[in-house]
Each structure stands twice: as structure tokens, then as C-alpha cells.
Amino acid sequence: MVSPHGILLAAHVISSLYGDLCSKVCECLLRKGTLKLDEIFKSTELSKGNIFNCLRVLIHQNCVQAFQLEQEGGKALKSTLYMVIFDNIMHKLRATKFMQIVSEELGEDCRGILVGLIQHGRLSFDQIIDREKQKTGSFDGQVVHDSFRRLLSASEAPSQGEITERKTIEQLALEAAAPSESMRFSMDTGDISGEKGEESPNIPTVGQKRKNVVLDSDDELSDVNRRIEVLWRVNFEEFLWRLIHKACISHVKTSINNEASIVLSAALDLIGQSETRLNAENSPNLSINDIYEEVIKKEGGVGMDLDRVQTSLEQLGCETLATDMESYCIDIKSFIQMAQNQEVESMILKRYGKEAYKIFRLLSRAGRLVETDKISDITFVEKKETTKILFQLWKDGYLHMESMAATRPPSFHLWKVDQKRFRAKFLDEMYHAVLNLKLRITHEQDQRKEVLQIPKDKLVGELRNKVMLYRIVRATLERSSMDLDDAVVLFHHF
Amino acid sequence: MNRAVVAAGKRKRGSEPPLTRDEQQILDLILSKESSGIQPREIKYQLKLPDPVITKASKALLAKNLIKEVKGVQRGGAARKIFMGFNFTPSDVVSGGIWYDNGKIDTEFVNGLKMLCLSMVRKSKVATLEGLHKFVNDAKVAKVEIPKPQMDELLTSMVLEKELLEVKSTGMGVFCGIRIGETCYKLPAAGRGQAKGSITGAFASIPCGVCPRIDVCTPDGVISPTTCVYFSQWLDIKL
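Sequence order sets the numbering: in each chain, residues are counted from 1 along the sequence as written. Chains carry letters and ligands carry numbers; both start at the beginning, A for chains and 1 for ligands, and go up in the order they are written. Residues qualify for local features only when their pLDDT is at least 70, as the model is predicted, and side-chain atom pairs are given and counted only at 80 or more; totals for whole chains, interfaces and linings, by contrast, use all residues. To get the side-chain values, take all heavy atoms of the structure and skip hydrogens and water.

Pulling in residues and values, what's your account of the overall build of chain B?
Looking only at helices and strands, chain B has ten helices and seven strands in total. Across chain B, every contact between residues at least 6 apart in sequence was considered, and the portion connecting residues at least 24 apart equals 49%. Methods summary: accessible areas were calculated by the Shrake-Rupley approach with a probe of 1.4 Å, and residue burial reflects only the protein chains presented. Carbon and sulfur atoms make up 54% of the accessible area of chain B, which totals about 13300 Å². Secondary structure elements are taken from DSSP: a helix is a run of H or I of four residues or more, a strand is a run of E of two residues or more, and numbering for both begins at the N terminus. Should any heavy atoms of two residues lie within 4.5 Å, those residues are counted as being in contact.

Break down the sheet that holds strand S10 (residues 412-416) of chain A for me, with residues and values.
Residues and elements named next belong to chain A. Ordered by their spatial adjacency, three strands build an open sheet running S8-S10-S9, and the pairing between neighbours is antiparallel. Of all the strands in the sheet, just strand S8 (370-371) and strand S9 (400-404) have a single pairing partner and so form its edges. Only strands joined by at least two bridges in the DSSP assignment are considered to pair. Where S9 and S10 come together, five bridges link them in antiparallel fashion. Pairing of Met404 across the sheet is with Phe412, part of S10. Contacts from helix H20 (residues 383-395) reach S9 and S10, with the element oriented near 55° to S10. Angles shown run from 0 to 180 degrees and are taken between the N-to-C directions of axes, each axis being a line fitted to C-alpha atoms and, for helices, limited to the stretch in contact.

Summarise helix H17 (residues 332-352) of chain A; cite the residues concerned and give the values.
In this analysis, the expected span of each helix is defined as 1.5 Å times one less than the number of residues it contains. Spanning 21 residues, H17(A) covers 30 Å between terminal C-alpha atoms, matching the ideal 30 Å at 1.5 Å per step. Positioned one or two residues after H17(A), A:Gly353 has a phi angle of 105°, which is positive.

Got a sec to walk through the sheet that holds strand S7 (residues 183-186) of chain B? Specific residues and values, please.
Residue and element names in this part refer to chain B. If you trace the three strands from one edge of the open sheet to the other, you get S5-S7-S6, paired in antiparallel fashion. Taken across any chain shown, the strands that pair with only one partner, and hence form the sheet edges, are strand S5 (126-128) and strand S6 (165-168). When the angles between neighbouring strand axes are averaged without regard to direction, this sheet yields 40°. Bridge count between S6 and S7: four bridges; the pairing is antiparallel. Its bridge partner lying in S7, Leu165 is registered against Lys186. The strands touched by helix H7 (residues 129-139) are S5 and S7; relative to S5, the strand with the most contacts, the crossing angle is about 85°.

Residue-level account of unusual backbone geometry, with values.
One can expect most non-glycine residues to show negative phi and most peptide bonds to be in trans. You will see that A:Asn62, though not glycine, has its phi angle at about 65°, which is positive. Among the secondary structure elements, A:Asn62 is positioned in the loop between helix H4 (48-60) and strand S2 (64-69). At B:Lys162, a residue that is not glycine, the phi angle is positive and equals roughly 65°. Along the polypeptide, B:Lys162 turns up in the loop between helix H8 (148-160) and S6.

Could you give an account of the side chain of A:Arg94, with specific residues and numbers?
Along the chain, A:Arg94 falls in the loop between helix H5 (86-93) and helix H6 (95-106). For A:Arg94, the residues in contact, after removing those within four places along its chain, are A:Leu243, A:Asp485, A:Val488, A:Val489 and A:His493.

Give a description of the environment of A:Leu469 that names residues and reports values.
Residues and elements named next belong to chain A. Along the chain, Leu469 turns up in helix H23 (residues 461-493). Here's how the labels work: a residue is buried when its accessible area is under 20% of the maximum for its type, exposed when over 50%, partly exposed in between, all with a 1.4 Å probe on protein chains only. In this structure Leu469 comes out as partly exposed when scored by relative accessible area, which is 22%. Along the primary structure Leu469 and Lys438 are separated by 31 residues, whereas in three dimensions their C-alpha atoms are 18 Å apart.

Hey, could you go over the packing of helix H1 (residues 4-18) of chain A against helix H2 (residues 20-32) of chain A for me, with residue numbers and the actual values?
Residues and elements named next belong to chain A. As a packed pair, H1 and H2 sit with axes 7 Å apart at the nearest point and diverge in direction by 155°. Judged on the interaxial angle alone, H2 and H1 are roughly antiparallel. Considering how the two elements wind past one another, H1 and H2 form a crossing that is right-handed. For the pair formed by H1 and H2, the contact residues are Ile7, Leu8, Ala10, Ala11, Ile14, Ser15 and Tyr18 on the first element and Asp20, Cys22, Ser23, Cys26, Glu27, Leu30 and Arg31 on the second. Under the scheme applied here, ten amino acids are nonpolar (Ala, Val, Leu, Ile, Met, Phe, Trp, Tyr, Cys and Pro), four are charged (Asp, Glu, Lys and Arg), and all others, including Gly, are polar. Its residues placed into classes, the contact of H1 with H2 shows nine nonpolar, two polar and three charged. When an angle is under 35 degrees it counts as roughly parallel; over 145 it counts as roughly antiparallel; between 65 and 115 it counts as roughly perpendicular; any other value is oblique. Each crossing is labelled by how the near helix is turned from the far one, with a counterclockwise turn of less than a right angle marking it left-handed and a clockwise turn marking it right-handed.

Provide a residue-level description of the confidence of the model for chain A, including the pertinent values.
The predicted coordinates of low-pLDDT regions are not to be read in fine detail. All names here are of chain A. Taken as a whole, chain A shows an average pLDDT of 80; of its residues, 78% reach a score of 70 or greater. Counted against residues more than four places away or in other chains, residues 156-165, with its pLDDT under 50, gives ten contacts. Within the model, the stretch residues 188-224 combines pLDDT values under 50 with 118 contacts to residues more than four positions away or in other chains. For every residue, the predictor reports its confidence as pLDDT, a number between 0 and 100.

Which residues make up the UniProt feature "domain: RNA polymerase III subunit RPC82-related helix-turn-helix" (unreviewed entry) in chain A, and what values do they have?
UniProt positions are given in the numbering used here, feature names are shortened, and annotations may be inferred rather than shown by experiment. As annotated by UniProt and renumbered to match this structure, "domain: RNA polymerase III subunit RPC82-related helix-turn-helix" (unreviewed entry) occupies residues 9-68 of chain A. Within the segment residues 9-68 of chain A, helix and strand shares are 73% and 12% respectively, and the terminal C-alpha atoms sit 28 Å apart.

An account of H7(B) is needed here, citing residue identities and associated values.
All names here are of chain B. Residues of H7 that are buried include every one of Leu129, Leu132, His133, Val136 and Asn137, and no others. One side of H7 carries all its buried residues, which in axial view fall inside an arc of 125°. Positive phi appears at Lys140, one or two residues downstream of H7, with a value of about 50°. Directions pointing from the helix axis toward each C-beta atom define the arc.

Give me the lowdown on a positive patch on the surface, citing residues and values where you can.
Together, A:Lys384, A:Lys388, B:Lys71 and B:Lys104 give the surface a local cluster of positive charge. One can find B:Lys71 in strand S1 (residues 67-75). Here the term patch refers to residues with relative accessible area over 30% and no salt bridge, with like charges joined within 9 Å and nonpolar side chains (Val, Leu, Ile, Met, Phe, Trp, Tyr) within 5 Å. Between Lys or Arg on one side and Asp or Glu on the other, a salt bridge is scored when a side-chain nitrogen of the former is within 4 Å of a carboxyl oxygen of the latter. None of His or the chain ends enter the tally, which takes Lys and Arg as positive and Asp and Glu as negative. In plain terms, the charge of a residue is placed at NZ if it is Lys, CZ if Arg, CG if Asp and CD if Glu.

Quick one: what's the story with the packing of aromatic side chains, residue by residue and with numbers?
Between two aromatic rings, the relevant description is the distance of the centres plus the angle of the planes. Only Phe, Tyr and Trp rings are paired, with Trp represented by its six-membered ring, and only when their centres lie within 6.5 Å; those with planes under 30 degrees apart are stacked, over 60 edge-to-face, the remainder tilted. Enumeration over the complete set of coordinates arrives at 14 aromatic pairs over all chains. Consider the rings of A:Phe380 and B:Trp99, whose centres lie 5.2 Å apart with planes at 65°: the pair is edge-to-face. Of this pair, A:Phe380 sits in the loop between helix H19 (372-379) and H20 while B:Trp99 sits in the loop between helix H5 (92-95) and strand S3 (100-101), placing the two residues on different chains. In terms of burial, A:Phe380 and B:Trp99 fall into one category: buried. Ring centres of A:Phe391 and A:Trp415 lie 5.1 Å apart, and the angle between their planes is 85°; this geometry places the pair in the edge-to-face category. Here the residue A:Phe391 occupies a position in helix H20, and A:Trp415 occupies one in strand S10, the gap between them amounting to 24 residues. Between the NZ or CZ atom of B:Lys114 and the centre of the ring of A:Phe380, over which it lies, the distance is 5.8 Å. Charge over a ring is defined by NZ of Lys or CZ of Arg lying within 6 Å of the ring centre and within 35 degrees of the ring normal.

Printed below as a string of C-alpha cells:
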């Protein structure tokens, strides 16, 4: 279930990109879950025509997934269900980052193709070609072909292991919509297939037997899926991995030093190239020699020797294997945890002060209920102040409290950080903050609407200063929004 | 019961007025608690005496130096006045232990010990609890020897403040000579300004991250991102 401010943020994103009607439909699905068309109609009070059009847009933009449930006995239901894909809506906010990654790693030609996929949601290869033709005066088909192949190669994700936990209907629907892993990135010489949005011409069906059944849909939305041609979309998973990679490296750079960040970057590159993808339970082992060879390829790494690489690995907390002193265990989860802790602890420090910071760290590390006096003793905070801080943190929803009745008053209190509840609240606050930044950007723009419409050559003196100031303010807000989104990625996906 | 004090009380009868029945009762109870002492309300609860009687009697006993008033460590925020036999030393439960002075944390003493620990860790790169415990006691900065559990408390506090990092010995490199798996302490890896949680996260870098009113902030409310004074201050950029 998406948190309250996550819903508001998603609705704002959809509203700013696709209009208020789409936003209303999207918000309805976010609040009420997977719905049929009639249910959306009742909840939104929009006309069916408007709802149809909105769903077409949202499906095409990969923000909504349509599917049909199979009844027991093999007979499919006639009606289609619609589910919102919250993660893909959030990825709309990260478009700039994705473009930057591709621009840095693969060049401007690849970036151009990616921009098209981001803007249009899904495109066939012919549409990509047409778009490039319209964009540039001189069109070179081979360049487009090569750029496309490079994007595809960079997107290849090794097949993942079986996920054994119980899946929701929504998860099954998403899986049914995607082609098999072997097909997702395949590229034959004729008709290019690959990371497909919808390979099957049918709305996917989810049910006991997981068959894809051709259904006559009662709505025109199946038209979106009935095209025989293959459609391509952005492989968000790959970009997420790279964003997490960047966030961990950035954290290590500020909290340890630049050399450690280079070594970590090299190690993560190696992990990315191997069969083992980012998996919270895995801690891949890498040999010191492999890491060193990767380090010296990096900017700033060429001057490092094996000893310095080893020192950096120790600073990173990477341990050697008991059986092989030349191999290091890279605990990816620990780096993500460190980056998350930095976010949480710096918020507590800034909002509640140093004493609260110590108390919170104690309870976070303890992972169990601790009595007030014990907290005071360990943190060297006066008893009265400790009690005040604990109640404030509890009132704001960051701590869990239990009262124990003593034989004679006063009763005493036990405290702990309920990690699940705390993280949900923290993430919701971050969504709230991202939304606030977006709204403030709009507000700042509205305040200077008239000045911004003045042609450049007429901007002199005070007017010019106002525009310059607006640009600085906007850049500050957007940069903060991007930085905050990096933290959101860390908390939402782990 | 401290018989010497009781005997002194009896001997004094010749020179000073004898203790009243209430005063004797209260004195006996206080002395029976030895170094734990007793709070006035506890006296009232046990002896079923009214407050004015207890107040008058305890004043008299204080004046005669038969008892003393000790400021106990605040429990749950409530201040504690404790009566104790004159010759008794308050126990750790009452005084709060070696870190407390007159019912409050002796911050000067604690900070002094912290600086000492940091100097040792800075010099030796890594240190164990045993090593630091010995170093601090050998330095004789405290009037009494600091017990190991209290030393552990101090180091834990420094770890919580990010003044020290808690790590496990690998037996190699800087940990050479230290048993594998033993808890050690070292300085945070970064340079100046990296300790004590001073690296600000993205959330804490914006007004919303530190705002105490974020729960009541709404897009169209009285507190909103468009009307927020913290935002305005943050964006008050001068060209």
C-alpha cells in the first residue's frame, strides 16, 4: 500500500505530465487499489469516455497495468482490472537522472533514443526511427541501429533466481505482462525484440494456471495491446541499480574518503558484470586482483597500488574470506544500510538535537525495548531531559513505547525503534518533502510569470536580477529534489 | 542501624534536648536504610505520620547532624530529596554512580575522560576496552578507580556520538596482537568534521527535513510549501 504522501506526490506527477483527469484516475487507483472500469467510474464521477482515454494514456506510459483474472475452472472473467504501478510513476521524476546516466555512459545518440522512450512510454523500433528522422536534419539509420543495440546491451539483466515468496495478484499480473527473461533482451536480425512492454497482443491473464488466454475485452484498451509489432520501454530496473550504485559511492566518498569510493565503485562494477545482481541477501566475493584491475581503470584509481586498495577495503568494512585471504566479501546491503542511517540520523540530529541523536542511535542499535533510566545512563543525558526527548520522539511517531506498571508508582516506560513503522513514516515524510519542493517550484514560477515572459533582450537592471534570482532559486529547489529522490530510492526499494 | 550514631544520640541527652518520639522513630527508619537513604514520602508511607510532623522532625535531625540530605539522581524526571544517616556514603543507585555529582552528570569529568580515551586511540590507532580501562586508571584522573562496566558505558556513549567507531579485530594489520573477534575502538575513518553525525543527509538539508510542523503541512493549508517561512528563509538568496 502506498503511503498518504506517496499518493499525493504520484497524483501531482501525473497531473503535471498528463493533466488533471489522468491524475484523478491515477489517484483513485492508488487509494482504492486495483479496480474494474465500473468501479473507477463510480469513484471518480468522470465520464466513461474520459476514463477510457486516461487509462489509455496511463497504460501507454507504463503507469497502469491492465489484466484479467481467470476464474476457477478455466473460464476467464469478462471484465478487465486496472492496477497502478507506483514505482513507474516515481521513475517519471528521475527521467533527468536516467538521461544523464545514458549520456555519460553511452553518448548523446543513445540519450536521444532514451528521451523518446521516456516521453512516449513505449515505442516500436519503427517509431524510434521515425522520431529520429524528424528530430535531426541528417538521418543515419545505422547510427540509430547501433545506438539502439548499445542501449540494449547495457540493459541486459541476467536471469534472476526463483522468487519463492507468495505473490500478490498484482505481481503476477506484471509478470504475465512481460515476456520471458530469455526474450526480454533478445535481438534477432530481422524483427528486433527486446525489453518489451507488451509482447503478447492480449491483456495478460492472471489465474491459477497462469495461462495467457485470448480474451475479447469489453473495452477498447486492448487495442493498446493488440498491436502485433513489438514495443519497447525503458528498463527501469537497470537504472535503479545504477542510482543505488551512485548513492552508495557518494555516501562512502563523504563519510570515508575518495579512494574508498573508487574502490567501492570498482567492486560494484564487477558485481554488476557478474551473474549475481543486486540482491539484499547476497554478499558477493571478489578477488583483490580483480578489484585492483577494475580500480586502475577508474579516474583517480590509476595511481593506487594493491596496498592502498586493501586499506580502502578495510575502511569499507569488507572482510576477507576465512578460506581465501585474497578474496573480499562485499556486503552491498551494509552500504545501503549505512547510507540510510546517515539520512535518518542527520534528520534526528537537526530536528531534535544532539541528545536525541544519541538516544535514537542507541535504540536503533539495541533493536529491543530499553527502559528510560537505562537509556539515560548509557547516553549520559540527564534523566529529565531523556524522558522529554523520548516522549517527543514517540509523539512524532518515531518510537514505540510500552508502559510497565510497578507495584508502586511511578510506572516505568520501555522504548524501542519499530523499524518497519519508522521506515514507513520516514519514507512518507520524504515523499511529502519531494512534493513540497515541486509545489514550491511551481509557486516560484507563478510569482514571476510576467517577468519570465519578457524577451531576453529587454531584460535589464532589476528585471534581469529578478530572472537571475529565479533561476538560482529554481536550480536550488530542483537540485534538492534530485538529491532527496536518491534517498527515496534507497528507502523505497530496500 | 548505626549504633555509634544511636549511642551518640543517647549520650547527647545530657547537653541537648532528647529526641522526641517522632524524631527517634524517623531517625531509626532513616538509619535502617543505610547507604540507600529514604525519601520523605516513603517515611510518611511507612510511619503514617503527617507531613508537618515529618518536616519538623527532619529539620531537627538535620540541625543535630544526625542525618543529611542528599540529592538523588532524578528518576523519570522527578527530583529526589533523600535523607540518610550522617556517616553513610550514598550508594550508586542514589548518587547515580561515578558519573554523577550532586544529582547531575559531572560533564567536566566525563568530557575529560573522553579526551583521554581519544588521545590514546589517536596514538595507538586502535584500542580495546581493557587497554583503555588500564590507560585511564593509570592516568589517575579520577579520585576513584573507574570500574570496567563504567568504562564500557563511556565508550558506548562515545560510539553513539560517533567520536569512536566500534569494530571487530581481524587479528591483522592494526589489529595485530588483538584476539580475532574482540571488540575494538578506533577513530572514524574520515578527516575533520566527519564525526559526530555532521554529514547532513539530503532530507535534513532542506527545510522540510528539520521542520517540527511537517505533520500539519498540507499543499493548501495554513502551513504549506508556498507559505512556509522556513522555505522563504532558505531561498532568501542575495545576488
